[in-house]
Amino acid sequence: MASFFFVLVGIFIGVCAIRAPKFGVDLDGRWGPYRLLLAGAGAAMLLLGLLPGLAILWRRFFYDIWQSHLAGAWHASRSCRRLRAILATVKSWRPLAWWAENPARSGGISAVFLFTLCAVIYFWYATVGYGFDNSKFPSYYQMLADAFRHGQTALLVEPDPALAQLKNPYDFSQREHIHYLWDVSYYNGKYYLYWGPSPVLGQWLLEAISPLPIGDAYLMTFYAVILTGVLFGILFSIWRRFFSRASSGAFGLILIAVGFSNPILWLVSRPATYEISIIAGQFYLLAGLWAGLPLLLGDSTKTGRLILAGLGWALAVLARSTLAIPVIFLGIFCAWRLIHQKNNIWRRLFAVGIPLALGAGFLFFYNYIRFDSPFEFGIHYQLTSFSQFNDAEKMFQPRYIPINFFNYFFNPINVMPEFPFIEPIPATITFKGIGINAPDNYSGQWLSGLLISIPFLYFLSVIIAQIFCPKARAKLASPMRTLIGILCITALLELGMVHFFFSSSMRYAMDSIPTLLILAGMGAWSLLEWAQHAPHRVWVPWMLTVLVFLNAAIGLLLGFSGENRVFARLNPALFAQLSAWFRF
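Just so we're clear, the structure is a prediction, and the values are computed from it rather than from any experiment.

Conventions and cut-offs
- Residue positions are counted from 1 within each chain, in the order its sequence is given.
- At least 70 in pLDDT is required for a residue's local features to be given in this predicted model, at least 80 for side-chain atom pairs to be given and counted, and no such filter applies to totals for whole chains, interfaces and linings, which use all residues.
- Derived side-chain values reflect all non-hydrogen atoms in the structure, with water molecules and hydrogen atoms excluded from consideration.
- Only DSSP runs of H or I reaching four residues or more are called helices, and only runs of E reaching two or more are called strands; each is numbered from the N terminus.
- Per-residue accessibility, obtained with a 1.4 Å probe over protein chains only, is compared with the maximum for each type, and a residue is labelled buried under 20%, exposed over 50%, and partly exposed between these values.
- Per-residue and other accessible areas were derived by the Shrake-Rupley procedure at a 1.4 Å probe size, with only the shown protein chains allowed to occlude residues.
- Counted as positive: Lys and Arg. Counted as negative: Asp and Glu. His and the chain ends are not counted at all.
- Every charge is mapped to an atom, namely NZ of Lys, CZ of Arg, CG of Asp or CD of Glu.
- Here the term patch refers to residues with relative accessible area over 30% and no salt bridge, with like charges joined within 9 Å and nonpolar side chains (Val, Leu, Ile, Met, Phe, Trp, Tyr) within 5 Å.
- Definition used for salt bridges: Asp or Glu carboxyl oxygen within 4 Å of a side-chain nitrogen of Lys or Arg.
- Strands pair, by our definition, only if DSSP identifies at least two bridges between them.
- Note on aromatic pairs: the rings of Phe, Tyr and Trp (six-membered ring only in Trp) are paired at centre separations within 6.5 Å, and the planes decide the class, stacked below 30 degrees, edge-to-face beyond 60, tilted for the rest.
- Consider the ring centre and the ring normal. A charge sits over the ring if Lys NZ or Arg CZ is within 6 Å of that centre and within 35 degrees of that normal.
- To estimate how far a helix should reach, multiply one less than its number of residues by 1.5 Å.
- Pairing of N or O atoms within 3.5 Å defines a polar contact, subject to two protein rules: one partner must be a possible hydrogen donor and the other a possible acceptor, and residues neighboring in sequence count only if both atoms are side-chain atoms.
- Among the buried residues, those of types Ala, Val, Leu, Ile, Met, Phe, Trp, Tyr and Cys that are joined through side-chain atoms within 4.5 Å form a nonpolar core.
- Whether two residues touch is decided by their heavy atoms; if any such pair falls within 4.5 Å, the residues are in contact.
- What counts as an axis is a line fitted to C-alpha atoms, over the stretch in contact for a helix, and the angles between N-to-C directions run from 0 to 180 degrees.
- Small angles under 35 degrees read as roughly parallel and large ones over 145 as roughly antiparallel, with 65 to 115 read as roughly perpendicular and the rest as oblique.
- Note on terminology: pairs of cysteine sulfur atoms within 2.5 Å are recorded as disulfides.

**Looking at the overall build of the protein chain**
Moving on, step 1. Helices and strands together make up the secondary structure of the protein chain, namely 26 helices and nine strands.
Moving on, step 2. For the protein chain, the spread of C-alpha atoms along the three principal axes comes to 90 × 70 × 50 Å.
Moving on, step 3. Out of the 584 residues belonging to the protein chain, those deemed buried represent 50%.
Moving on, step 4. Carbon and sulfur atoms make up 69% of the accessible area of the protein chain, which totals about 28000 Å².
Moving on, step 5. Distance between charge centres in the protein chain, computed from 42 positive and 26 negative side chains, equals 18 Å.

Spelled out as structure tokens, the structure:
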């Protein structure tokens, strides 16, 4: 009955896609992004409905036709014998044999190689192909680092005195003809950054080891690279702990999917303070998670790792204050774990708790000395297009959840006949043809839905099945169930914050994507293990391979278009050359 329902719904949506111009969608008659989205949704529903029947047909073909009649003829053929001889020769090659005899070693080498490749590609994207920081915009974190060196929290740049003469300097129309720093906080005649201060640590480190001025491109590359390193480290730990039967090749595929997934290259290609604070926050959060992973799994954990976990989570909040909610959850869970382990409880609680308490105290003090309130982050005093001084209560509201849900998961991408072949579109504000509009004050930037631009996340369906299917859940080891629960709650808390916000952007989605990618990797490994129990499930590794490279291709191509066609604007000569190479 359910299959029949999905088939009917799929057919109905497909008809709607064909007749879309009649409903006010893509009125020019071409197959635009929303029409393609409808067609894709219809095809997905139709596939879900036909899946049980297709599964039966595949099993019958595999066992009744392939294994009974075709497999024997193939194995006896000259082509198969030649292929076996080639494979035997390749496997006997000493370097490859050394590589394959120890999965942990080959997986580690693969991780180092892919990490290095990611670092090179990230740097190339961050510098828009120039190989050096060609940014013409001010580096706000460089300004903040200079301010800290002078013993102050206000930027050294002095505001135009005309700002102080305005009745309401936060009203965009009143300061239209005054020169000022865009999107900083202005309070008591001084400029401040409302972004968190902890990314300055990376700025100072790079300045200490590099003779070059450290602009946003270098700082962005630094945090993106070390975030990827932490993600690889977490995935390596999970692989060796729970999925050691999976090959190092499968591990390498998952690293490719994670390292080149959208929107990492999208953000890297637009290195600015907004993106840097988000990437830095994710690095600190996941570094803390990696340090505290043994404790989260119920294992004995050294005090040093507990200190690093607390420090990482404190710095995460100091980079991105919206991470406070998932950090509070992780801190409470760690405290619960430590209490139940009953081993040096107070010393270990202090090891995690003191860095968190110091971080919270520093943040409140940092806010107080800037804005005379420990709970003011500078949001109310932003010099931007939207006056948040009088309308701050409109920033976070439940009425934005439906439109944000659509934009973050389903906002389509535009398909083009020329390089880079795909590009994002602005977030959806109006649903033409059905008369639905976003709430007042809602705004959206360039955005591609997660389920459209990150196909690797389809493996999250395996995790969802393990959570809600009692039989699948019962097969999971207790530490595995715990880790899935922790990561799912963390991702939901990260996603929840951006869904309440009055604006949507691809960079905001980055608050949850690293956690979702870890879960998707676990789902892929679980599916590979399931496939090992029956020969006819040979399609699973092929599906993984296709989705991984499709995921990486989408991430690489969207990095070229990114925010407002960044490569075409900032390096038109290179973009023209690439377009000529990929002209078919």
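Following the structure, the description resumes.
**Here we look at a nonpolar patch on the surface**
Moving on, step 1. A contiguous nonpolar surface patch, about 770 Å² in accessible area, is contributed by I11, V15, L46, L47, L48, L50, L51, L54 and L57.
Moving on, step 2. Top contributing element to the nonpolar patch by residue count: helix α2 (residues 33–76), with seven residues.
Moving on, step 3. Residue position: L46 is located in helix α2.

**Points about the sheet that holds strand β8 (residues 446–447)**
Moving on, step 1. Ordered by their spatial adjacency, three strands build an open sheet running β3-β4-β8, and the pairing between neighbours is antiparallel. On the outer flanks of this sheet lie β3 (413–415) and β8, each paired with one strand and no other.
Moving on, step 2. In the sheet, strand β4 (residues 422–426) pairs with β8 via two bridges, with the strands oriented antiparallel. Looking across to β8, one finds that P426 is bridged to W446.

**Topic: the pattern of salt bridges**
Moving on, step 1. For the structure shown, the criterion picks out nine salt bridges.
Moving on, step 2. Across the salt bridge formed by R320 and D511, the nearest N and O atoms sit 2.9 Å from each other. Within this pair, whereas R320 is found in the loop between α14 (303–319) and α15 (324–341), its partner D511 is found in the loop between α22 (506–509) and α23 (513–531), the two being separated by 191 residues in sequence. Across the pair, D511 and R320 agree in class, each one buried.
Moving on, step 3. Salt bridges sharing common partners tie together D146, R149 and E207.

**Some words on the pairing of β4**
Moving on, step 1. Most of β4 sits out of view: four of its five residues are buried.
Moving on, step 2. Inspection of the sheet shows β3 paired to β4 by three bridges, in the antiparallel sense. The partner of I413 across the bridge, within β4, is P424.
Moving on, step 3. A loop of six residues connects β3 with β4, the two strands running antiparallel in sequence, and F421 in this loop sits at a positive phi of about 75°.

**So, the packing of aromatic side chains**
Moving on, step 1. A complete count under the given rule lists 48 aromatic pairs for this structure.
Moving on, step 2. Ring geometry for F501 and Y508: centres 5.6 Å apart, planes at 85°, overall edge-to-face. An identical accessibility class is assigned to F501 and Y508; each is buried.
Moving on, step 3. Against the face of W239 rests R240, its NZ or CZ located 4.8 Å from the ring centre.

**A short note on helix α9 (residues 216–242)**
Moving on, step 1. For α9, built from 27 residues, the straight-helix expectation of 39 Å at 1.5 Å per residue is met to within 8% by its first-to-last C-alpha distance of 38 Å.
Moving on, step 2. Of all 27 residues in α9, 21 are buried; the element is thus mostly enclosed.

**Remarks on unusual backbone geometry**
Moving on, step 1. A cis amide bond links N262 with the next residue in sequence, P263, at an omega value of 10°.
Moving on, step 2. Tracing the backbone shows P263 in the loop between α10 (248–259) and α11 (264–268).
Moving on, step 3. For the bond running from F419 to P420, omega is 5°, close enough to zero to count as cis.
Moving on, step 4. With respect to the helices and strands, P420 occurs in the loop between β3 and β4.
Moving on, step 5. The backbone of V128 sits at a positive phi, close to 50°, despite the residue not being glycine.

**Description of helix α5 (residues 103–126)**
Moving on, step 1. Its 24 residues give α5 an end-to-end C-alpha distance of 34 Å, which sits within 8% of 34 Å, the value for a rise of 1.5 Å per residue.
Moving on, step 2. What α5 keeps buried is the set S106, G107, S110, A111, L114, C118, Y122, Y125 and A126.
Moving on, step 3. One side-chain oxygen at the N-terminal end of α5 lies 3.1 Å from the backbone nitrogen of A104; it belongs to N102.
Moving on, step 4. Directly beyond the C-terminal end of α5, a positive phi value near 50° is found at V128.

**Considerations on the nonpolar core**
Moving on, step 1. Of all hydrophobic cores here, the largest spans 165 residues; its most connected members are F456, M522 and W525.
Moving on, step 2. Here this core gets 17 residues from one element, more than from any other, and that element is α9.
Moving on, step 3. The residues touching F456, leaving out its near neighbours within four places in the chain, are I254, A257, V258, L517, A520, G521, A524, L544, V548 and N551.

**Considering the environment of G72**
Moving on, step 1. Note that G72 resides in helix α2.
Moving on, step 2. By relative accessible area, which is 45% here, G72 ends up partly exposed.
Moving on, step 3. The spatial distance from the C-alpha of G72 to the C-alpha of I425 is 52 Å, given a sequence separation of 353 residues.

**Thoughts on the packing of helix α19 (residues 460–468) against α23**
Moving on, step 1. The contact between α19 and α23 brings their axes to 7 Å, and the two run at 75°. It follows that α19 is roughly perpendicular to α23 by the angle criterion. Along the contact surface, α19 presents L460, V462, I463 and Q466, while α23 presents L516, L519, A520, M522, G523, S526 and L527.

**Examining the environment of S110**
Moving on, step 1. The residue S110 is located in helix α5 in this model.
Moving on, step 2. Overall, S110 belongs to the buried group, its relative accessible area being 13%.
Moving on, step 3. Each C-alpha atom of the pair S110 and L253 lies 9.7 Å from the other, and the pair is 143 residues apart in sequence.

**Things to note about the side chain of N367**
Moving on, step 1. Position of N367 relative to the elements: it lies in helix α16 (residues 345–371).
Moving on, step 2. From its side chain, N367 meets the backbone oxygen of P374 in a polar contact 3.0 Å long.
Moving on, step 3. What N367 contacts, discounting residues up to four positions off in sequence, is D372, S373, P374, E376 and F377.

**As for the state of the cysteines**
Moving on, step 1. All told, the structure shown has zero disulfides when counted by the stated rule.
Moving on, step 2. Not engaged in a disulfide, the cysteine C334 finds its nearest cysteine sulfur in C488; these two sulfurs lie 17 Å apart.
Moving on, step 3. For C488, which is in no disulfide, the shortest distance to another cysteine sulfur is to C469 and amounts to 15 Å.

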